[in-house]
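Spelled out, the chains give:
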Amino acid sequence: MKKSLLKKNSILNIMNSSLITLPTPLNISIMWNFGSLLGMCLAAQITTGLLLSLHYCPNINLAFNSITHIMQNVNYGWMMRFSHMNGASMFFMCMFIHIGRGVYFNSFLFKKTWMTGVTIMLLSMATAFLGYVLPWGQMSFWGATVITNLVSAIPLIGKTVVLWLWGGFSINNATLNRFYSFHFIAPFVVMFMMIIHLFFLHETGSSNPMGLNSNLFKIPFNPYYSLKDLMGFILMLMMLMSTCALYPYLFSDPENYNKANPMITPVHIQPEWYFLFAYAILRSIPNKLGGVVALIMSILILMIMPMMPKYKFKGFKFYMFNQIMFYMFISIFIMLTWVGAKPIEPPYLIIGQIYSTMYFLFYITYPYISKISDKWIMNFK
């Protein structure tokens, strides 16, 4: 009896210290809301995904028709499917803003929190890719074919690994089955990583717009920030429901509403919009192995940020040149997303190569630019 009471009390204490009395910086802005919004998006994705899995058939002959059945025959099946489909886009929008805020306000100095965050991003991208294959439309099939074929770029063992991944000599029923299994389990791995991410965050405390130690200026999380997060949840749900009701196919490719046909290749194969920046970087390298390395590095390069020399760097907010660089980086990201959706032909190929180079240069040069900013300000004074 005593043990159960102690266990109950310890759980209550953890919830109290994490959600109610957690000391939070006084001056954090709405940009800090996106972490909690990501948690809400993940919960929504797991819930809608579980409901969809009750009616989905992971079989190459039945998968496409089972999606049609969900849309047309299951009560509110259309809402479940649209919420899951557009919820993924909302999830990645929040993730990109969350990471952008971390870069701008120097959150990468909290190394453990930053590293787990980048790992969550990688796992989320893998989960989204596996989910995109499940409807078994034309773009699902050919997108899976293109992406899994990239593994063949691994020297010596690449082709063997691809055959093992497919479970045969081409994308087939075994592939769809295992993709479904991995897509079902991956969100729970992401959720586990999110708990670790929060554990490290609560260990150091949140950053703040000033980039300074805020231990003397902290307030309890509840009711101040819990109400602020609740407002964010309501706005996000309103946006999601409005998209599902008015523009449900806004982020979808029309090609995916044709059943997968291995005999007909689409004119232009492209992934979902949140992969387009990485896809543009991949195809801007003429060499296959080089393209795969660049694709992986486009995400992993975020991990070098905490290791770069700081020069007393306090965040982009305090340096004019760094602010210019940051907004240039946002424009680079948008341009890469745009180029990724275009055919592989001039002038898009050369534009992709220029912007891919600029993308990687940003991460390498930003601390040195801050040093130049410091010198320029001192000389100006």
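Residues numbered from 1 in each chain as written. Predicted model: local features only at pLDDT ≥ 70, side-chain atom pairs only at ≥ 80, totals over all residues. Heavy atoms only, no water.

Under an unreviewed UniProt entry, the name given to the protein is Cytochrome b, and the source organism is Encyrtus infelix. Per UniProt, the comment on the protein under Sequence similarities (unreviewed entry) is "Belongs to the cytochrome b family." Its UniProt record gives the protein a comment under Function (unreviewed entry), which states: "Component of the ubiquinol-cytochrome c reductase complex (complex III or cytochrome b-c1 complex) that is part of the mitochondrial respiratory chain. The b-c1 complex mediates electron transfer from ubiquinol to cytochrome c. Contributes to the generation of a proton gradient across the mitochondrial membrane that is then used for ATP synthesis." (UniProt positions renumbered as here; feature names shortened; annotations may be inferred.)

1. Examining the UniProt feature "binding site: heme b b562" (unreviewed entry) in the protein
Per the UniProt record, "binding site: heme b b562" (unreviewed entry) is annotated on His-84 and His-183. In terms of the greatest pairwise C-alpha distance, the residues named above, spread along 100 residues, form a tight cluster of at most 12.9 Å across. Note that His-84 resides in helix H4 (residues 77–104). The residues contacting His-84, other than those within four sequence positions of it, are Gln-45, Thr-48, Gly-49, Leu-52 and His-183. Checked against the element boundaries, His-183 lands in helix H8 (residues 173–204). Overall, His-183 belongs to the buried group, its relative accessible area being 16%. Apart from the residues lying within four places of it in its own chain, the contact partners of His-183 are His-84, Thr-127, Leu-130, Gly-131 and Leu-134. Within the local environment of His-183, its side chain forms a polar contact with the backbone nitrogen of Gly-131, the two atoms lying 3.2 Å apart. (Helix = DSSP H or I, 4+ residues; strand = E, 2+ residues; numbered from the N terminus. Contact = heavy atoms within 4.5 Å. Buried < 20%, exposed > 50% of the residue type's maximum accessible area, 1.4 Å probe, protein only. Polar contact = N/O pair within 3.5 Å; in protein donor to acceptor, adjacent residues only side chain to side chain.)

2. Regarding helix H10 (residues 276–283)
Of all eight residues making up H10, eight are buried, and the element is well covered by its neighbours. Here H10 has its buried residues at Leu-276, Phe-277, Ala-278, Tyr-279, Ala-280, Ile-281, Leu-282 and Arg-283.

3. With respect to a nonpolar patch on the surface
There is a patch of nonpolar side chains on the surface, built from Leu-50, Phe-182, Phe-184, Ile-185, Phe-188, Val-189, Met-191 and Ile-195 and spanning about 730 Å² of accessible area. In terms of residue count, H8 provides more of the nonpolar patch than any other element does, seven residues in total. Position of Met-191 among the secondary structure elements: in helix H8. (Patch = residues over 30% accessible without salt bridge, like charges linked within 9 Å, V, L, I, M, F, W, Y side chains within 5 Å. Areas by Shrake-Rupley, 256 points an atom, 1.4 Å probe, with all protein chains shown as cover. Salt bridge = Lys/Arg side-chain N within 4 Å of Asp/Glu carboxyl O.)

4. A look at the packing of helix H2 (residues 34–53) against helix H9 (residues 224–246)
Close contact between H2 and H9 brings their axes to 10 Å; oriented N to C, the two are set at 50°. If you check the angle between H2 and H9, you find them oblique. Here H2 runs over H9; the crossing is right-handed. Here Ser-36, Leu-37 and Met-40 of H2 lie close against H9, whose contacting residues are Asp-229, Gly-232, Phe-233, Met-236 and Leu-237. (Axes fitted to C-alpha atoms, helices over the stretch in contact; angles between N-to-C directions. Parallel < 35°, antiparallel > 145°, perpendicular 65-115°, else oblique. Left-handed = near helix turned anticlockwise from the far one by under 90°.)

5. A few points about the domain arrangement of the protein
When the domains of the protein are assigned, the result is domain 1 (33–269) and domain 2 (275–380). In this structure, domain 1 and domain 2 have C-alpha centres spaced 23 Å apart. Between domain 1 and domain 2, the residue contacts involve 30 residues of the former and 33 residues of the latter. Taken together, the two surfaces of domain 1 and domain 2 that pack against each other cover about 2,700 Å², and 79% of this comes from carbon and sulfur. When the buried surface of domain 1 facing domain 2 is broken down by residue, Tyr-104, Leu-150 and His-268 rank first, second and third, together holding 23% of it. Taken together, the links from domain 1 to domain 2 amount to six residue pairs in polar contact (both at pLDDT 80 or more). Of all the secondary-structure elements, those providing two or more residues to the side of domain 1 that touches domain 2 are H4 and helix H5 (111–133). Counting residues per element, the side of domain 1 that touches domain 2 draws most heavily on H5, at 10 residues. (Domains from an automatic or database assignment. Buried area = accessible area lost by both parts, 1.4 Å probe.)

6. Let's talk about the nonpolar core
Of all hydrophobic cores here, the largest spans 85 residues; its most connected members are Phe-277 and Tyr-359. Among the elements that make up this core, the one with the highest residue count is H4 (12 residues). Here this core spans two domains, since at least three of its residues come from each of domain 1 (33–269) and domain 2 (275–380). Counting six residues, the second largest nonpolar core, distinct from the first, contains Leu-150, Ala-153, Leu-276 and Val-292. (Core = buried A, V, L, I, M, F, W, Y, C linked by side-chain atoms within 4.5 Å.)

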